[in-house]
Amino acid sequence: DQPGGHPLAPTTIQAIQATAAGALSLYLGTLVSPDHPYWTLLAAFVVFSNATSVGKVYQRAFHRVLGTMLGALVGFWLATQVVHAPILTVILIFLCVFWAFYLFTRFYAAMVFFITIMLALMYGLLLGGVTPQLMAARVLDTLIGAGVGLVMSILIFPTYTSEEVRVSVRDFLDALAGYLARYLDDLAAERAPGQDPELIPRVLEVRKQFDQVRATVAVARRISGPQGRQNLDRLLTALMTAYHYAGQLASPAVRGQVLALDHERK
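Quick summary incoming for the structure in this document. All figures in this text were calculated on a predicted structure; none of them were measured in a lab. (Residues numbered from 1 in each chain as written. Predicted model: local features only at pLDDT ≥ 70, side-chain atom pairs only at ≥ 80, totals over all residues. Heavy atoms only, no water.)

## Here's the deal with the side chain of T161
Rules: Counting from the N terminus, the helices are the DSSP runs of H or I reaching at least four residues and the strands are the DSSP runs of E reaching at least two. Partly exposed residues are those whose accessible area sits between 20% and 50% of the maximum for their type, while under 20% is buried and over 50% is exposed, using a 1.4 Å probe and protein chains only. Should any heavy atoms of two residues lie within 4.5 Å, those residues are considered in contact.
In this fold, T161 is placed in helix α7 (residues 161-188). Exposure remark for T161: the relative accessible area of 6% places this residue in the buried category. Beyond its immediate chain neighbours, meaning those up to four positions away, T161 contacts S53, G55, K56, T216, V219, A220 and I223.

Listed below in structure tokens is the structure:
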């Protein structure tokens, strides 16, 4: 079954949610900021990027708003300091681009922070100055768009993070069961245990599913209370132990081939 028990695939649900959020945010954007309603639309769309559950959408929306607010403050101040230094402004713009892309996969809020500063500097360079009203509109539009995206993820075929964790754990256990079944078949057939080449794709599948469990648990921990985080930590520890000892069943040669294949994929 799909996460959340929906008959639709996660990508289909995400497309429906993003379309509804985009339509509503564009309408609200034309009412609040008729000069640039696309800011609201963009904020509504980006919160769904790589986010297939309410928890992930909330996390991205929070980081989007936080990065925009801090970036607007710093960007406005910085733009007013270099308004008469176009060369320095261009250098700062390229530095913001560098740090935004460097931090993209590490900390989303930091990426948004530097992108917002870059936009403030560009507006200052192109318009001869940036106004606090413009940066305030940027923050408001981002808040509206991110909020609409979060609401749509809750109202339209919601997939909650706890359900996503359950499905990822089930998929991991299924992959682990298939791997162990192949190993036991080798023992029953009196073949050399742990040296079957067919174990390689099964080990890779177990690793893939365990990485997915770790990713969903990481999101769930951020939105859970102290007791919930403890339960998630115990769950991850138990699964990590099973993952570790199951991997030791394969021979060193097979493990070496798995590492080589894994390295090629990266």
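## Remarks on the environment of L78
Note that L78 resides in helix α3 (residues 54-81). Residue class for L78 comes out buried when judged on its relative accessible area of 19%. For the pair L78 and T89, spaced 11 residues apart in sequence, the C-alpha to C-alpha distance is 9.1 Å. Among residues more than four places away in sequence, those in contact with L78 are L92, I117 and L121.

## Quick look at the packing of aromatic side chains
Threshold: Any two rings among Phe, Tyr and Trp, with Trp reduced to its six-membered ring, count as a pair given centres within 6.5 Å; such a pair is stacked if its planes are under 30 degrees apart, edge-to-face if over 60, and tilted if neither.
All chains considered together, the criterion is met by 10 aromatic pairs. Relative to F210, the ring of F172 lies with its centre 5.6 Å away and its plane at 55°, an arrangement referred to as tilted. Placement of F172 in helix α7 and of F210 in helix α8 (residues 199-222) is noted, with a sequence separation of 38 residues between them. Looking at F172, the relative accessible area reads 0%, which means it is buried.

## Description of helix α6 (residues 132-155)
Definition in use: Every helix has an expected span of 1.5 Å times one less than the residues it contains.
Helix length check: α6, at 24 residues, gives a terminal C-alpha distance of 34 Å against a target of 34 Å (1.5 Å per residue), a fit within 8%. Of the residues flanking the end of α6, it is F157, one or two places downstream, whose phi is positive at about 45°.

Geometry only, nothing functional implied.
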